[in-house]
Amino acid sequence: MKRILVPPALLAAVCALSGPAQAHHTAAMFDTTKDVTISGAVKTIKWQNPHVYLEVVSADGGKVWSIECSPPSILVRRGWSVHSIAAGDKVSVLGHPLRDGGPAAYMMNVTTKTGAVLKDHDY
């Protein structure tokens, strides 16, 4: 029987590259066949990896919505900055709602207080 030796550098590279691929999650909990619009005030914005998150207090009833966005690096490429949205800003978010009907959505775009539309996804 012939033994195949894997060079340590190759083994290390495979291990290093496999971690980020396993760390990401699916968006299957969101219903991409439906859209929801949440208008209200930004309670918090967390500009962090792996995703930027907004909490928006809806103007119609005060329900707090958790809005999942793309990672910061993707949003920056789409024209966002850490100053694009701040706590207290009035916004309108278009997104895909949770399948179970809970107060959360996967952002498609947000209209800011100035009327600017910041895109997150093109679909």
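Preceding this paragraph is the structure being described.
Residues numbered from 1 in each chain as written. Predicted model: local features only at pLDDT ≥ 70, side-chain atom pairs only at ≥ 80, totals over all residues. Heavy atoms only, no water.

(A) Summary view of the environment of D60. Looking at the secondary structure, you find D60 in the loop between β2 (53-58) and β3 (64-68). By relative accessible area, which is 66% here, D60 ends up exposed. In the structure, D60 is positioned 20 residues away from G40 in sequence and 7.9 Å away in space, judged by C-alpha atoms. Here the side chain of D60 touches S58 through a polar contact of 3.3 Å, side chain to side chain. (Helix = DSSP H or I, 4+ residues; strand = E, 2+ residues; numbered from the N terminus. Buried < 20%, exposed > 50% of the residue type's maximum accessible area, 1.4 Å probe, protein only. Polar contact = N/O pair within 3.5 Å; in protein donor to acceptor, adjacent residues only side chain to side chain.)

(B) Highlighting the pattern of salt bridges. Here the structure, examined in full by the defined rule, presents three salt bridges. When the shortest N-O distance is used, the salt bridge between R78 and D120 registers 3.4 Å. One end of the pair, R78, is in the loop between α2 (72-77) and β4 (90-97); the other, D120, is in the segment after β6 (117-119), and 42 residues separate them in sequence. Of the residues examined, D120 reaches a relative accessible area of 0% and is grouped as buried. Note that K113 and D89 form a salt bridge whose closest N and O atoms lie 3.3 Å from each other. Linking K113 in the loop between β5 (104-111) and β6 with D89 in the loop between α2 and β4, this pair joins segments that are 24 residues apart in sequence. For K113, a relative accessible area of 62% gives the class exposed. Using a relative accessible area of 10% as the deciding quantity, one classes D89 as buried. (Salt bridge = Lys/Arg side-chain N within 4 Å of Asp/Glu carboxyl O.)

(C) Representation of the nonpolar core. In this structure, L54, I67, I85, V93, M107 and V110 are the most contacted members of the largest nonpolar core, which totals 18 residues. Breaking this core down by element, the ones donating at least two residues are β1 (36-46), β2, β3, β4 and β5. Residues contacting V93, with those up to four places away along its chain left out, are V36, T37, I38, L54, V56, I67, M107, N109 and V110. (Core = buried A, V, L, I, M, F, W, Y, C linked by side-chain atoms within 4.5 Å. Contact = heavy atoms within 4.5 Å.)

In short, geometric facts, not functional conclusions.
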